[in-house]
Amino acid sequence: MIEDSRSILGIPDDYLVGIVPASDTGAFEMAMWSLLGARGVDLLAWESFGQGWVTDVVKQLKLEDVRQLDAPYGALPDLAGVDFDRDVVFTWNGTTSGVRVPDGDWIAADRAGLTLCDATSAAFAMDLPWDKLDVVTWSWQKVLGGEAQHGMLVLSPRAVERLESYTPPWPMPKIFRLTKGGKVNTSIFEGSTINTPSMLCVEDHLDALDWSRDIGGLDALIARSDANFAVIEAWVSASDWAAFLADDPATRSTTSVCLKIVDPWFEALADDEQGAVAKAVASLLDGEGVAYDIGAYRDAPPGLRIWAGATVEADDLSALMPWLDWAYATVKAERGAAAA
Ligand SMILES: Cc1ncc(COP(=O)(O)O)c(C=O)c1O
């Protein structure tokens, strides 16, 4: 799994790739707990998962030299304001707002700090500039749609250097421990997991990696997501009631596509009524067996969220689009008529 992930994703030979406990959350938490505190930290957050990492650094690790660069749902923080002399924590693709960083150009090549990137809904669907990233994490179930279990953790040589030169002042539970006797525990990165993995989940992920290679590797995976996104984009551009939550086209996620409702009738509703309408649209589609769980994330503005990763067929998305119009028109007619 480590070798296949490395070759499909084009991870440099001098980076470590490991299988660690507790999915993407486990991988990202152990990176933060093991590496942060040596210098100041810039925390970027523009949706719920990024905000979760901010909470951890500020309220659990209680780091003091912290700058928060926030943005509301639909936008990105000011990337030009990031200080790469500091460690930088960010999410490549904000899964709950459908906003991603456009590329890695904003990341300094000659940085003194480390970049810690939660890439769970980006890896296997978007280009990741490995030379700009010191920590990268993802889960098995996200873009490749496998079973959840362990997470993947990638460390650059500079991240390893930090591990071997800095010991955090807080206790380190066994499942977070990346070092042994002051040195990086290399066995984790050779497949000797800290705790027992599920071999069913491992086999399932190996299957997904085989499929990825068979269809043409990373370029083919990215092309599939891009084509899926293009289906939704074409529909949105002709829609008179739906729009992307992501304002800037360069930041629109091609995996977790988040839509808001811009119909004047909807916009005139009170906040709780808007939430109820968006939920009714999603549940109508669910009831028809057309689409499951496509309501916006609970903390996000009301709307729809459609998964468009590589495992989804573009034809299925094409088939979905008219159903969205039907569902919205149905809910609007029912609620509009009730109000009248
Ligand atoms: C950006 C991001 N970070 C973290 C997570 C949590 O991942 P996991 O459930 O694999 O721990 C998710 C899950 O959707 C996510 O999208």
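Residues numbered from 1 in each chain as written. Predicted model: local features only at pLDDT ≥ 70, side-chain atom pairs only at ≥ 80, totals over all residues. Heavy atoms only, no water.

### Side note on the sheet that holds strand β4 (residues 87-91)
Now for step 1: Pairing is mixed in the open sheet, where 7 strands are placed in the order β1-β9-β8-β7-β4-β2-β3. Strand pairing shows two members of the sheet lacking a second neighbour, β1 (16-20) and β3 (66-70), which therefore form its edges. Neighbouring strand axes in the sheet, compared pairwise and without regard to direction, differ in orientation by 15° on average.
Now for step 2: For β4 and strand β7 (residues 115-118), the ladder comprises 4 bridges, and the chain directions are parallel. Among the inter-strand pairings, V88 is bridged to a residue of β7, identified as T115.
Now for step 3: Where helix α2 (residues 23-35) meets the sheet, its contacts fall on β1, β4, β7, β8 (135-139) and β9 (151-155), and the angle it forms with β8 comes to roughly 160°. (Pairing = 2+ DSSP bridges. Helix = DSSP H or I, 4+ residues; strand = E, 2+ residues; numbered from the N terminus. Axes fitted to C-alpha atoms, helices over the stretch in contact; angles between N-to-C directions. Contact = heavy atoms within 4.5 Å.)

### Here's the deal with the packing of aromatic side chains
Now for step 1: Counted by the stated rule, this structure contains 13 aromatic pairs.
Now for step 2: Centre to centre, the rings of F84 and W106 are 6.0 Å apart; their planes meet at 50°, and the pair counts as tilted. On the criterion of sequence distance, the pair formed by F84 in the loop between β3 and β4 and W106 in the loop between β6 (99-100) and β7 is long-range, its members being 22 residues apart.
Now for step 3: F84 sits in the buried class, given a relative accessible area of 9%.
Now for step 4: For W106, a relative accessible area of 14% puts it in the buried group. (Phe/Tyr/Trp six-rings, centres within 6.5 Å; stacked < 30°, edge-to-face > 60°. Buried < 20%, exposed > 50% of the residue type's maximum accessible area, 1.4 Å probe, protein only.)

### Some points on the sheet that holds strand β14 (residues 303-307)
In a beta sheet, neighbouring strands pair by backbone hydrogen bonds and run either parallel or antiparallel.
Now for step 1: Across the sheet, which stays open at both edges, the 3 strands sit in the order β12-β13-β14 with antiparallel pairing between neighbours. A strand with exactly one partner marks an edge of an open sheet, and here the two such strands are β12 (242-244) and β14. The mean angle between the axes of side-by-side strands here comes to 35°, regardless of whether they run parallel or antiparallel.
Now for step 2: Helix α6 (residues 217-238) rests against β12, β13 (256-261) and β14 of the sheet, and its axis sits at about 130° to β12.

Geometric descriptors of this kind do not, in isolation, establish any biological role.
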